[in-house]
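# Structural features, examined
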Amino acid sequence: MTLTTEPTQLTIRRTGSRIGAIIDGIQLSGDLPAEVVARIRAAVVEHKVVFFRGQHLDDATHQAFAARLGSVTPGHPTIQSSTEGAFLTLASAGGRAASSWHTDVTFLQNPPAFSVLRGLTIPEYGGNTLWANTEAAYADLPEPLRVLADNLWAIHSNDYDYADAFDGAERRFEEFTRLSFETRHPVVRVHPESGKRSLLLGHFVKQFVGLRPSESQQLFGLLQARVTKPENTARWVWSTGDVVIWDNRATQHYAIADFDQPRTVRRVTVAGDIPVAVDGRTSEVVTGDASGFVLDDLIS
Ligand SMILES: O=C(O)CCC(=O)C(=O)O
Ligand SMILES: [Fe+2]
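As the structure is a prediction and not an experimental result, all values here were calculated from the model. (Residues numbered from 1 in each chain as written. Chains lettered and ligands numbered in written order. Predicted model: local features only at pLDDT ≥ 70, side-chain atom pairs only at ≥ 80, totals over all residues. Heavy atoms only, no water.)

This part takes up the sheet that holds strand β13 (residues 233-236). Pairing within the open sheet is antiparallel, and its three strands lie in the order β13-β7-β15. Two strands in the sheet have a free side with no partner beyond their single neighbour: β13 and β15 (251-255). Averaged over all neighbouring strand pairs, the angle between strand axes comes to 20°, with direction disregarded. Bridge analysis of strand β7 (residues 129-133) against β13 gives four bridges, and the strand direction is antiparallel. Paired with L130 across the bridge in β13 is R235. (Pairing = 2+ DSSP bridges. Helix = DSSP H or I, 4+ residues; strand = E, 2+ residues; numbered from the N terminus. Axes fitted to C-alpha atoms, helices over the stretch in contact; angles between N-to-C directions.)

Counted at 1.5 Å a residue, the expected span for helix α6 (residues 213-227) with its 15 residues is 21 Å, and the 21 Å between its end C-alpha atoms agrees. Turning to α6, its buried residues are S216, L219, L223, Q224 and V227. Along the axis of α6, the buried positions cluster into a sector of 135°, meaning they face one direction only. Opposite the packed face of α6, turned more than 90 degrees from it, sit the exposed residues Q217 and Q218. (Expected span 1.5 Å × (residues − 1). Buried < 20%, exposed > 50% of the residue type's maximum accessible area, 1.4 Å probe, protein only. Arc of directions from axis to C-beta.)

Here the structure, examined in full by the defined rule, presents six aromatic pairs. Between F51 and W131, the ring centres sit 5.7 Å apart and the planes meet at 65°, which makes this aromatic pair edge-to-face. One end of the pair, F51, is in strand β3 (residues 49-52); the other, W131, is in strand β7, and 80 residues separate them in sequence. Neither F51 nor W131 differs from the other in exposure class; each is buried. Consider the rings of F107 and F204, whose centres lie 5.0 Å apart with planes at 80°: the pair is edge-to-face. (Phe/Tyr/Trp six-rings, centres within 6.5 Å; stacked < 30°, edge-to-face > 60°.)

This next bit is on the coordination of the iron ion (ligand 2). Coordination of the iron ion (ligand 2) by the protein is provided by H102 (NE2), D104 (OD) and H253 (NE2), with metal-donor distances spanning 2.1 Å. Counting along the primary sequence, the residues that act as donors to the iron ion (ligand 2) give the motif H-x1-D-x148-H. Of the two residues, D104 sits in the loop between β5 (87-92) and β6 (114-121) while H253 sits in strand β15, which places them 149 residues apart along the sequence. For the pair D104 and H253, a shared accessibility class is recorded, and that class is buried. (Donors = N, O, S within 2.8 Å, 3.2 Å for Na, K, Ca; no water.)

What follows is about helix α1 (residues 34-47). Taking 1.5 Å of rise per residue, 14 residues should cover 20 Å, and α1 covers 20 Å from first to last C-alpha, within 8% of that figure. Those residues of α1 that are buried lie in contact with β1 (11-14), β2 (21-24), β3, α2 (59-67), β6 and β14 (243-247). Just downstream of α1 lies K48, where phi reads positive at about 80°. (Contact = heavy atoms within 4.5 Å.)

Looking at the element boundaries, G288 is found in the segment after β17 (284-287). Assessed through its relative accessible area of 34%, G288 is described here as partly exposed. A sequence separation of 179 residues divides G288 from Q109, and the C-alpha atoms of the two residues are 9.5 Å apart. Apart from the residues lying within four places of it in its own chain, the contact partners of G288 are S180 and F181.

The subject of this paragraph is the pattern of salt bridges. Tallied over the full model, the rule gives 14 salt bridges. R266 serves as the salt-bridge partner of D59, at 2.9 Å between the closest nitrogen and oxygen. You can see D59 sitting in helix α2 and its partner R266 sitting in strand β16 (residues 263-270), a full 207 residues away along the chain. Judged by its relative accessible area of 29%, D59 is partly exposed. A relative accessible area of 19% means that R266 is categorised as buried. Ionic pairing is found between R146 and E143, a salt bridge with its closest N-O pair at 3.4 Å. Residue R146 and its partner E143 are both found in helix α4 (residues 143-150); the two are separated by three residues, about one turn of the helix. (Salt bridge = Lys/Arg side-chain N within 4 Å of Asp/Glu carboxyl O.)

Before going further, it helps to examine the site of ligand 1. Every residue close to ligand 1 is listed here: L90, A98, H102, D104, L117, T129, W246, H253, A255, R263, V265 and R267. With respect to ligand 1, the side chain of H253 contributes an N or O atom lying 3.1 Å from an oxygen atom. In the environment of ligand 1, an oxygen atom lies 2.6 Å from a nitrogen or oxygen atom belonging to the side chain of R267. Protein contact buries 97% of the 300 Å² of open area that ligand 1 shows by itself. Mapped onto the shell around ligand 1, the elements with two or more residues apiece are β15 and β16. (Near = heavy atom within 4 Å. Polar contact = N/O pair within 3.5 Å; in protein donor to acceptor, adjacent residues only side chain to side chain. Areas by Shrake-Rupley, 256 points an atom, 1.4 Å probe, with all protein chains shown as cover.)

Here is the structure:
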């Protein structure tokens, strides 16, 4: 039997004025009517991150739903031990998480458009996730910083110190950097769907083009602080079965490592476009070939 959901049943409730919305009245699946998928997609682009409670998806449904948003990628370009087909599973026995502000997979030329994350095992307390709106951060820049950012490019690399992020951290880091990827991205990108400008930064930034490492670090800190200020963020308190979708082209996120019980989340990732700068130039590969980084052609 195919369950259909009337678009009118779907409700979208913002969680803050800058980012975040809870969508109720819907059961996610690969069979949703096109107009419902379009409303969800529009909500993700508008609110940057959307939260669905009590979905309890299985793997097949998770992947089938994600495939309605675009081409599903392999779970991760380098972390094989946690990747199975389209799934990246982040499991922690307690206290380790992706606790550093980042946009997913920006070391590739075309970072994902959407990440669809579901909560499998959620600790009784702690382990919330934060998202930040990188469009609002850009819009709030004072003129001199905006001019600076508009003309700035950054090298993003997977040679980032992930050492604290997960269980088996050292093995992970070795795995994470097994292949080397570096991409030159504009610091300000124009969103392919909304046309809005955002700051493209996060923990994979290694250096700004033309600046010294120490100068890069200081400027990075200054711009990142604009992205991650509390007013610019949403926080999700997970329950098992929840699903969260974020627009990876307009957000950063941070998993808070304040839990001491097991926590497992599983992600399916939807491929994105090559970022475009304000002057129309596009991101360029410096090192590494990820041209095959699309799992299949399930574009709906
Ligand atoms: O553990 C989380 O809540 C988020 C993990 C993460 O960074 C991701 O799924 O991309
Ligand atoms: Fe992430």
